[in-house]
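What follows is each chain in one-letter form.
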Amino acid sequence: MTGAAEVYDCAAALAEFDASRATVRDLVESGLASVPPLFIAPSSTAKHPPTDITVPTVDLSLPLSALVPLVGAAARTCGFFHVTNHGIDAGAAVSAVRAFHELPAAVRSAFYSIAAVEGMSYSTVPYMDRDSLDGPGPILPWRVSLRVLLQAADLGRLPAACGDALVEYLRCIEELGKKMTRLLSEELGVGAERLETATHVEGWLMACNYYPPCPEPARVEGAVEHTDPSLFTILAQDEIGGLQVRVNGGDNDGQWVDVPLVPGTLLVNVGDVLKLVSNNEYHSVGHRVMVRSSQDARASLAVFFNPAMRGDSGLLGPLPELITPEKPAMYRNFTMTEFMDSRRKFGNGKFSTDHFRVAVDQ
Ligand SMILES: O=C(O)CCC(=O)C(=O)O
Ligand SMILES: [Fe+2]
């Protein structure tokens, strides 16, 4: 039992990587031939060949009476759905994300930061809190992200290569986010405004992701399997692909499926907070990002619609209207601070909403 993995000091290796202020892209550009242990994912793609099931598509131009059940059906089953006819130029925003990440290192390095500075950071975000590192990994995704906490950020400080396009995207995505919150709320039978008033969806986080090509793509993951913390997430991606979701229910339960690339669509997925608040009516489904290529980089843009952090007064939990004798509350109440602390403690890939389950009667 003395293999290299056991003696590898993750914390020291991560500290060294942090001190170098390098991003994954810089590693690739330095001519790296093999993947450093920090990035090696334990699971292999081959173990879970993707099935050919597809994720639903919802046409936003449909009348409300048709739209509400379609959104609800997707959120209750797959937890992921494409939306079409959203009227947003997502391609321009994703191209801008790529343009920033492909700037010369000397220009990008001015933005490098592990901790958020005035709501912005630009680095590779480890799966776990640096203080909670345990075991051999995976420690780092094969990805670098410019992250913007919108409540705290001055958008005027966004890099010039992507700023204007992202500001425009955010203006449009705000409308779509509000619409989606109302649709999801309405379908729960609690009225269109209930989710917003219960959760105060103000803590938005925008993640501008870049997955560089990898010399050994099968040994890394752009993101390990995880569920999102948000109420829901809206994702725009380019034409490279690599996102997979787990099938939820049915004959193929637990299998992986490739999210197909449908040009012009945005992808919406249910996050953990919505799962808890909906008392498990909606499902936050596990997903991950595979790195496919030693040649091509992938860019994506995720906006996480998160409840505001409202201290101890902002208690969240299953909406009382959704609690019945037949379906008692499945989760206890919690604050967003408690929820995010729990996610950080367990790590992005290991957190489960089961940590908030109400104890089952003995
Ligand atoms: O880049 C993607 O396709 C998905 C990223 C993702 O799942 C996340 O950031 O939570
Ligand atoms: Fe995600």
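The model shown is predicted, which means the values in this text are computed figures rather than measured ones. Residue numbers restart at each chain and count upward from 1, following the sequence in its written direction. Labels follow written order: the first chain is A, the first ligand is 1, and so on. Selection of residues for local features in this predicted model requires a pLDDT of at least 70, selection of side-chain atom pairs for listing and counting requires 80 or more, and totals for whole chains, interfaces and linings are taken over all residues.

1. Points about the site of ligand 1
Around ligand 1, a shell composed of Ala207, Asn209, Ala223, Asp228, Leu235, Gln237, Leu243, His287, Val289, Ser300 and Ala302 is seen. Secondary structure elements are defined from DSSP: runs of H or I of at least 4 residues count as helices, runs of E of at least 2 residues count as strands, and each element is numbered from the N terminus. At the level of secondary structure, the elements contributing two or more residues to the shell around ligand 1 comprise strand E6 (205-211), strand E8 (232-237), strand E12 (287-290) and strand E13 (298-305). The nonpolar class holds Ala, Val, Leu, Ile, Met, Phe, Trp, Tyr, Cys and Pro. Asp, Glu, Lys and Arg form the charged class, and all remaining residues, Gly among them, are polar. In terms of residue class, the shell around ligand 1 is made up of six nonpolar, four polar and one charged. Each residue gets a C-beta atom placed from its backbone. If that atom is within 6 Å of a molecule or strand, the residue is near it.

2. Concerning the packing of helix H5 (residues 90-101) against helix H7 (residues 163-187)
For helices, the fitted line uses only the C-alpha atoms of the stretch in contact; every axis is such a line through C-alpha atoms, and the angle between N-to-C directions lies from 0 to 180 degrees. Here H5 crosses H7 at 145 degrees, and the two axes come no closer than 9 Å. Regarding H5 and H7, the two cross each other, and that crossing is left-handed. For the pair H5 and H7, contact is made by Ala92, Ala93 and Ala96 and by Ala165, Leu166 and Tyr169, respectively. Each crossing gets its hand from how the near helix is turned against the far one by less than a right angle, where anticlockwise is left-handed and clockwise is right-handed. It is the C-beta atoms, placed from the backbone, that decide contacts: two residues are in contact if theirs lie within 7 Å.

3. Concerning the nonpolar core
One finds Ala93, Val97, Leu184 and Leu266 to be the most contacted residues of the largest nonpolar core, which totals 93 residues. Sort the elements by how many residues they give to this core and H7 lands first, with seven residues. Discounting chain neighbours no more than four positions away, the residues touching Ala93 are Ala165, Leu166, Tyr169, Ala236 and Leu301. In this usage, the nonpolar core is the set of buried Ala, Val, Leu, Ile, Met, Phe, Trp, Tyr and Cys residues whose C-beta atoms join them within 7 Å. Counting other C-beta atoms within 10 Å of its own, a residue is labelled buried from 20 upward, exposed at 12 or fewer, and partly exposed in the gap between, with every C-beta atom placed from the backbone.

4. Side note on the sheet that holds E12
Only strands that DSSP links by at least two bridges are regarded as paired with each other. Spatial ordering of the open sheet is given by E7-E12-E9-E10, a layout of four strands whose pairing is antiparallel. Two strands in the sheet have a free side with no partner beyond their single neighbour: strand E7 (221-226) and strand E10 (256-258). Each strand axis lies, on average, 25 degrees off the axis of its neighbour in the sheet, ignoring direction. One ladder, built from three bridges, connects strand E9 (residues 243-246) with E12; its direction is antiparallel. Directly across from Val245, in E12, lies its bridge partner His287.

5. A short note on H7
It helps to recall that an α-helix has 3.6 residues per turn; residues three or four apart then point in one direction. Relative to the 36 Å expected for 25 residues at 1.5 Å per residue, H7 spans 35 Å between its end C-alpha atoms, a close match to the ideal helical length. Along H7, the residues classified as buried are Ala165, Leu166, Tyr169, Ile173, Gly177, Met180, Thr181, Leu183, Leu184, Ser185, Glu186 and Glu187. A positive phi of about 80 degrees marks Gly189, the residue just after H7. One less than the number of residues in a helix, times 1.5 Å, gives the span that helix is expected to have.

6. Quick word on the sheet that holds strand E4 (residues 120-123)
Pairing between the strands of a sheet comes from backbone hydrogen bonds, and it takes one of two forms, parallel or antiparallel. Taking strand neighbours across the sheet as the criterion, the nine strands line up as E1-E2-E11-E8-E13-E6-E5-E4-E3 in an open arrangement whose pairing is mixed. Strands with a single pairing partner mark the edges of an open sheet, and in this sheet they are strand E1 (57-59) and strand E3 (113-117). Sheet twist, expressed as the average angle between the axes of neighbouring strands with direction ignored, equals 20 degrees. Bridge count between E8 and strand E11 (residues 266-270): four bridges; the pairing is antiparallel. Looking across to E11, one finds that Thr233 is bridged to Asn269. On top of the sheet, H7 reaches E6, E8, E11 and E13; it is set at about 140 degrees to E8, its chief contact.

7. Re the environment of Phe100
Mapped onto the elements of the fold, Phe100 is located in helix H5. As for Phe100 and Arg246, which are separated by 146 residues in sequence, their C-alpha atoms are 31 Å apart. Look past the residues within four positions of Phe100 in its chain and what remains in contact with it is Leu146, Pro159, Ala161, Cys162 and Cys208.

8. Describing the pairing of E4
Pairing of E3 with E4, which is carried by two bridges, proceeds in the antiparallel orientation. Within E4, the residue paired with Ser113 across the bridge is Tyr122. Sheet analysis places E4 next to strand E5 (residues 144-149), joined by four bridges and oriented antiparallel. Its bridge partner being in E5, Tyr122 is matched across the sheet by Leu146.

9. Side note on the confidence of the model for the protein
Low-pLDDT stretches of the model should not have their predicted coordinates read in fine detail. When pLDDT is averaged along the protein, the result is 91; 94% of the residues meet or exceed 70. Per residue, pLDDT measures the predictor's confidence, with a range of 0 to 100. Within the model, pLDDT remains below 50 along residues 1-5, and this stretch shows two contacts once partners closer than five positions in the same chain are excluded. Among the scores for the predicted complex, ipTM is 0.99 and pTM is 0.94.

10. Overview of the packing of helix H4 (residues 64-76) against H7
Running from N to C, H4 and H7 cross one another at 85 degrees; their axes reach a closest spacing of 9 Å. Relative to H7, the element H4 is oriented roughly perpendicular. Here H4 contributes Leu67, Val68, Pro69, Val71, Gly72 and Ala75 to the contact with H7, which in turn contributes Leu183, Leu184, Glu186 and Glu187. Orientation is classified from the angle alone, with under 35 degrees giving roughly parallel, over 145 giving roughly antiparallel, 65 to 115 giving roughly perpendicular, and any other angle giving oblique.

11. Here's the deal with unusual backbone geometry
One non-glycine residue with positive phi stands out, namely His200, at about 50 degrees. Examined against the element boundaries, His200 turns out to sit in the loop between helix H8 (194-199) and E6. The backbone of Asn279 shows a phi angle near 55 degrees, a positive value even though the residue is not glycine. Along the chain, Asn279 turns up in the loop between helix H9 (272-277) and E12. Among the residues examined, Asn279 registers 21 C-beta atoms within 10 Å and is labelled buried.

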